[in-house]
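Breakdown of the fold
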Amino acid sequence: MKNKLLSFSLFLILSSLFVQSSAQNAVDKFLTPATSFNRSRMTGIEIGAGGLYLASVIGFYNLWYKDYPQSKLHIFNDNAEWMQMDKWGHCTSSYYIGGLGMGILKWAGVNKRHDAIWYGGMLGAVYNTTFEFMDGLSAEWGFSPGDVAANFLGASILIAEQLTWGQQRILLKFSFHHSPEADLRPDLLGKGFGANAIEDYDGRTSWVSVNMASFMNRNTAVPNWLNMAFGYGADG
């Protein structure tokens, strides 16, 4: 009986390892970028990205714009406000969304003439500018040329590094802490951690993080994980 139990247990263990290994291989194969253009993957991207874009526009409209009166498209110059922390936010978010766009297009095998870099890299800037037009049609806000410039600055940094080095050696990052001002103006700076992280510019710090090892030869003693970062926040 013990031998049968031992054999059965060993069978279950080996079977589970085989299933796990097969599943892992399937996942790895699925995530591996295509070596040539893959139409089925591209179709999935088009459907998925279109659905996410539509859902996010509807969601943000209900979250931010629905309760305010609409207006004709108008411009509002907010370059002197928030100590430019909102501009850094636009720049950084465009940078990261663009990086995601690059990765997705490369996964689908879009490699011709750096198309994945150009089209994917511009995804964040185009996406964020959508909401700038929504701002311009709301009486509470306005279309900000400075925000649009920051959107395309983030995309340009991403694309320039990828075309020059084939990698991101200088990363845009941000950190966040709950500021005292958020407790005084929760209607403006957000209620709860998630809203604070997006709306509380007083608690945000933007970073330019330089990977030093990527600028040196392969035999350098500088570890790959060591970066030198320069930060800027509303407090300095």
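Presented here is an overview of the structure given in this document. Fair warning: this is a prediction, and the values are worked out from it, not measured in the lab.

Calculation criteria
- Residues numbered from 1 in each chain as written.
- Predicted model: local features only at pLDDT ≥ 70, side-chain atom pairs only at ≥ 80, totals over all residues.
- Heavy atoms only, no water.
- Axes fitted to C-alpha atoms, helices over the stretch in contact; angles between N-to-C directions.
- Helix = DSSP H or I, 4+ residues; strand = E, 2+ residues; numbered from the N terminus.
- Parallel < 35°, antiparallel > 145°, perpendicular 65-115°, else oblique.
- Contact = heavy atoms within 4.5 Å.
- Left-handed = near helix turned anticlockwise from the far one by under 90°.
- Buried < 20%, exposed > 50% of the residue type's maximum accessible area, 1.4 Å probe, protein only.
- Pairing = 2+ DSSP bridges.

Brief notes about the packing of helix α5 (residues 123-136) against helix α6 (residues 145-165)
Orientation of α5 relative to α6, taken along the N-to-C sense of each, is 170°, at an axis distance of 9 Å. Here α6 runs roughly antiparallel to α5, going by the angle between their axes. Of the residues in α6, those in contact with A125, N128, T129 and E132 of α5 are D147, V148, N151, F152 and A155.

Description of the packing of helix α2 (residues 39-65) against α5
The N-to-C vectors of α2 and α5 enclose an angle of 35°; their axes lie 11 Å apart at closest approach. Classified by chirality, the crossing of α5 by α2 is right-handed. Touching Y53, S56, V57, F60, Y61 and Y65 of α2 are Y127, T130, F131, M134 and D135, all from α5.

With respect to the side chain of T92
For T92, the position within the fold is in helix α3 (residues 85-107). Since its relative accessible area comes to 5%, T92 is described here as buried. Filtering out sequence-adjacent residues up to four positions away, T92 remains in contact with L172 and F174.

Digging into the environment of V222
With respect to the secondary-structure elements, V222 resides in the loop between β2 (204-211) and β3 (227-233). Separated by 11 residues in sequence, V222 and N211 place their C-alpha atoms 9.7 Å apart. Apart from residues lying up to four places away in sequence, V222 is in contact with M212, A213 and M216.

Here's the deal with the pairing of β2
Of all 8 residues in β2, 6 are buried; the element is thus mostly enclosed. Pairing of strand β1 (residues 170-176) with β2 involves 7 bridges; the strand directions are antiparallel. Looking at β2, one finds that K173 is bridged to W207. Sheet topology places β2 next to β3; 7 bridges connect them, and they run antiparallel. Across the sheet, residue T205 finds its bridge partner in β3, namely G233.

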